[in-house]
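# Results of the structural survey
Letter by letter, the chains look like this.
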Amino acid sequence: MRDTMPKQGSRMFVYNAEEKAFATASQTDCLVIAPEDMDCFNRMLEEAASLKQPAANYATLRAQTEDGGFANYYVGVICAAPGSDIIITLTEISGVCLNSQKIDSLTGLLNRNGLSAWVDEHEEIFTDIEDEKYMVVYFDVQRFKVVNEMYGLAEGDRLLKYIGEVVAEAAGEDGVGCHLDSDRFVIVVKRPPDKRDLFVETLLDEILDFDLPFEVSCNAGIYVTTKNFHSADTLVDRAIIAQSLVKGSYTKRFNYYTEELRKNLLTEQEIIGMMRAGLRDEQFAIYYQPQYDHATGMLVGAEALVRWQHPEKGLISPGLFIPVFEKNGFITQLDLYVFEKVCQFLRFCLDEGMVIVPISTNLTRHDFFYPNFIDTLEGIRKKYDIPPEFIRLEITESVALGNSQFINEAMERLHSYGYVVEMDDFGSGYSSLNILKDIDFDIIKLDMRFLENGQDETNRGGTILSSVVRMVNWLGVPVIAEGVETVSQANFLKSIGCNYIQGFLYSKPLPEDEYKQHISMTNVGVSIPQKKLLDTLDAGNFFANDSLEELIFNNFVGGAAIFDYRDGKLEIVRVNESYLAELGLELSEKDVMSQSLLDGFDDEGRESYLEMLERAIETGAEQECETWRTLTSADGREERLCVRSNVIMVGKSKDAYLFYARIRNITSEIDGIAVLPDLKM
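What you see is a predicted model; the values in this text were computed from it and never measured.

The rules behind these values
Residues numbered from 1 in each chain as written. Predicted model: local features only at pLDDT ≥ 70, side-chain atom pairs only at ≥ 80, totals over all residues. Heavy atoms only, no water. Helix = DSSP H or I, 4+ residues; strand = E, 2+ residues; numbered from the N terminus. Contact = heavy atoms within 4.5 Å. Areas by Shrake-Rupley, 256 points an atom, 1.4 Å probe, with all protein chains shown as cover. Pairing = 2+ DSSP bridges. Axes fitted to C-alpha atoms, helices over the stretch in contact; angles between N-to-C directions. Buried < 20%, exposed > 50% of the residue type's maximum accessible area, 1.4 Å probe, protein only. Phe/Tyr/Trp six-rings, centres within 6.5 Å; stacked < 30°, edge-to-face > 60°. Lys NZ or Arg CZ within 6 Å of the ring centre and 35° of its normal. 1 Å grid on protein atoms, 1.4 Å probe; cavity = no way out; pocket = protein on both sides within 12 Å on 5 of 7 lines; lining within 4 Å. Points joined across faces, edges and corners; volume = space filled by probe spheres on them. Parallel < 35°, antiparallel > 145°, perpendicular 65-115°, else oblique. Nonpolar A, V, L, I, M, F, W, Y, C, P; charged D, E, K, R; others polar. Expected span 1.5 Å × (residues − 1). Patch = residues over 30% accessible without salt bridge, like charges linked within 9 Å, V, L, I, M, F, W, Y side chains within 5 Å. Salt bridge = Lys/Arg side-chain N within 4 Å of Asp/Glu carboxyl O. Lys, Arg positive; Asp, Glu negative; His and termini not counted. Charge placed at Lys NZ, Arg CZ, Asp CG, Glu CD. Bend = angle between axes of the 7 residues up to and from the residue.

Scanning the chain from N- to C-terminus turns up 24 helices and 26 strands. In the chain, the proportion of contacts linking residues at least 24 apart, taken out of those at least 6 apart, comes to 64%. Of the roughly 32,000 Å² that the chain leaves accessible, carbon and sulfur atoms contribute 49%.

Below is the structure:
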């Protein structure tokens, strides 16, 4: 039973779980859940959509009122029948904290109300300047939604319970742990200054140990209490502010709150309160970051980025307002605004007879579930009569998680209108390769975090990057690397087959007027052609599980390999089990692929093998040669083998060739021939 009576009047909304959209666009605008409660609300919707029998779930959440403020509502999510529309009811209620229950039922920790009560009851420990100060640690799980989508809600709950156990143990008897909602947790604990960093590191490391084929990483924000007493909400808010500067970082795991941070960072409530006026008054400015072909130095494209130029707050970083807009759904309105501004700019360039290059605009997960979103995009493009080849649509891989069929249908429609679609941040998630296989992207944008902290081609990040670029190239998909800041990074990317780059090395994001000048002073090149594959075999099919080439490759009775040939260097891409058996020495696939195919050749053998490859390139026909090579096993044993190789070129680009090779170990045959003259009949 609730502590207070509801106010008169309530609101009701209809939500279609299959289309993941409200009945009308106006309902989407009217229902705005507070950012801190958005994850909880989405979780209620997901649970209702997965129900096998009628059920209802209720929670006390904050939502926007008709006058633009926020108030407490008793929210019901009701599924009358599985597969039917979901009814959402909102009843406004008085009071700040209505749920008398103080324990979170899932984790056993305090809930938000319980934390507020605990802080109020222990006011003296926060104001005692003689005692050791308390630290308030806030953290959440990076990409927690991916866990639910890939492994199911039950696995997500298991993770939350595990984190609850870690938090409870870390809090001990003198501290307290809290599960705010969804994947957000708080610990209040007393630690001396020299022990605080170790405490947080240990906490985050223990969470990493969760047994799931998905790295459960977290970033934390820390607020150290002062002699001034603050409410639980204020303590947590300050820890969240500290975390906002490291959220999503792979290199910095936690951050401390300072007063300077509070002054510089806007709260989510401030952003929400200003967002509609900002869009109405066109406070959002479009910046363009050029993309270049590093091999030629020519401009080949640009990405449209948004900045918020507020008349009072000044320039607001997208790192602050984009996450808020994604939580409350306003991001779709902003994406449509940016798309229209890009169309306006392209129309100006066309009318002025300027030489232009394609411009990429960003779309989010929310956009694809917005009613008639693709039709709205197409309507804007037609309004300004922009040829579709001048516009690229950039989406992140998270858009496709768990919805590949739905996204494929959307991609087919976009392609039918002539749009080029890019996958952004490729490699930053955990299912990139599957998504690339399942969804027909036209261009891949590479996540340069592989080379953070000065890594180069000699590090693991460089090795992974090289393999990814080579594989994507042979699938016939161009690659753009973004975030390139140094000449060494650009040269390394060029050496592994990625010529197209975006980043501060060539240009920072430019305001529209500066970008116009930039175009007029820059050589414009041909825009990112597709790689050419030969008709002999479809090279891309060697990476597809259900293709004929893949079937032949894996079931061929002899040894077979796929390798890349560029600048006189050979690098193995794939081998089958028979290939390893032919070589012997109990070599593993890892052993073979960690070496160049030419390792172990003498000068004569190397020259003979390379001549064979050149003949194959020149003639397009299968070629053969026999070479001696020395192989070394993992335990250091060496063996000299004679190998007959048959190769055929299956793909080529302007600077590399892809070969399919069959091998047979003929050492015993050669040895037998060698001793024949000594035989006595």
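The rest of the description comes next.
The mixed open sheet is built from five strands, whose spatial order is β7-β8-β6-β9-β10. The sheet terminates laterally at β7 (176–181) and β10 (254–256), the two strands that pair on one side only. If you compare each strand with its neighbour and ignore which way they point, the axes differ by 20° on average. Bridge analysis of β7 against strand β8 (residues 184–190) gives five bridges, and the strand direction is antiparallel. When the bridges of β8 are listed, C178 appears paired with V186. Across the sheet, helix α7 (residues 193–208) lies against β6 (134–141), β8, β9 (218–224) and β10, angled at about 25° from β6, the strand it touches most.

One can find R184 in strand β8. Relative accessible area serves as the criterion here: at 7%, R184 is assigned to the buried category. Excluding residues within four positions of it along the chain, R184 makes contact with E36, R112, Y138, F139, D140, C178, H179 and I240.

What describes a pair of aromatic rings is the distance from one ring centre to the other and the angle between the planes of the rings. All told, the structure shown has 21 aromatic pairs when counted by the stated rule. When the ring of F321 is compared with that of F325, the centres are 5.5 Å apart and the planes differ by 50°; the resulting orientation is tilted. Residue F321 and its partner F325 are both found in helix α11 (residues 318–328); the two are separated by four residues, about one turn of the helix. Residue class for F325 comes out buried when judged on its relative accessible area of 0%. With a centroid separation of 5.8 Å and an interplanar angle of 45°, the aromatic rings of F345 and Y515 are classed as tilted. Of this pair, F345 sits in helix α12 (residues 331–351) while Y515 sits in helix α19 (residues 512–520), and the two are 170 residues apart along the sequence. Overall, the relative accessible area of 2% leaves F345 in the buried class. By way of ring pairs, the aromatic residues F284, W308, F321, F325, F330 and Y337 are connected into one cluster. Lying across the ring of Y287, R307 places its NZ or CZ 5.7 Å from the centre.

Tallying each qualifying case throughout the model produces two cavities of 30 Å³ or more. As a volume, the largest cavity reaches approximately 130 Å³. The wall of the largest cavity is formed by I572, Y579, L583, L587, D591, V592, Q595, S596, L597, D599, R629 and L631. Mapped by element, the contributors of at least two residues to the lining of the largest cavity are α21 (577–583), α22 (589–593) and β24 (623–632).

With that out of the way, let us pick up the packing of helix α2 (residues 35–49) against helix α5 (residues 144–151). Two packed helices can be described by the angle between their axes and the distance between those axes. Two elements in contact, α2 and α5, have axes separated by 12 Å at closest approach and are oriented at 10°. Classified by the angle their axes make, α2 and α5 are roughly parallel. Touching D39, N42, R43 and E46 of α2 are F144, K145 and N148, all from α5. Taken together, the residues of the contact of α2 with α5 break down into one nonpolar, two polar and four charged.

So, on to α2. Compared with an ideal rise of 1.5 Å per residue, which puts 15 residues at 21 Å, α2 spans 21 Å between its outermost C-alpha atoms and is within 8% of the ideal. Along α2, the residues classified as buried are P35, E36, D37, M38, D39, F41, N42, R43, M44, L45 and A48.

As a further point, take unusual backbone geometry. A positive phi angle, close to 55°, is found at E282, a residue other than glycine. Within the secondary structure layout, E282 lies in the loop between α10 (268–280) and β11 (284–293). The partly exposed category is assigned to E282, whose relative accessible area is 48%. In the Ramachandran plot, D385 falls in the positive-phi region, its phi being about 55° despite a non-glycine side chain. In this structure D385 comes out as exposed when scored by relative accessible area, which is 56%.

A cluster of like negative charges, contributed by D120, E121, E123 and E124, occupies part of the molecular surface. Put simply, the parts of the chain that give the negative patch at least two residues each are α3 (112–121) and α4 (123–127). Relative to the helices and strands, D120 is located in helix α3. Overall, D120 belongs to the partly exposed group, its relative accessible area being 47%.

Time to look at α10. With 13 residues, α10 should cover 18 Å at 1.5 Å per step; its first-to-last C-alpha distance of 19 Å lies within 8% of that length. The largest bend in α10 comes to about 40°, at M274. For α10, every residue scored as buried is listed here: I271, I272, M274, M275, G278 and L279. Just downstream of α10 lies E282, where phi reads positive at about 55°.

In this section: the pattern of salt bridges. Using the criterion set out here, one finds 27 salt bridges in the structure. Across the pair D157 and R43 runs a salt bridge, and its minimum N-O distance is 2.0 Å. In this pair, D157 sits in helix α6 (residues 153–171) while R43 sits in helix α2, placing the two residues 114 residues apart along the sequence. Summarising the burial analysis for this pair, D157 and R43 share the class buried. Of the charged contacts in the structure, one is a salt bridge between R112 and D181, with a shortest N-O distance of 3.2 Å. Of the two residues, R112 sits in helix α3 while D181 sits in strand β7, which places them 69 residues apart along the sequence. Looking at D181, the relative accessible area reads 8%, which means it is buried. Salt bridges linked by common partners bring E303, E394, K445 and E482 together as one network.

With six of its seven residues buried, β8 lies for the most part within the structure. Where β6 lies against β8, seven bridges are found, and the strand directions are antiparallel. Residue pairing in the sheet places Y138 in a bridge with V186 of β8. Taken together, β7 and the strand that follows it, β8, pair antiparallel across an intervening segment of two residues, in which S182 is found at a positive phi of about 45°.

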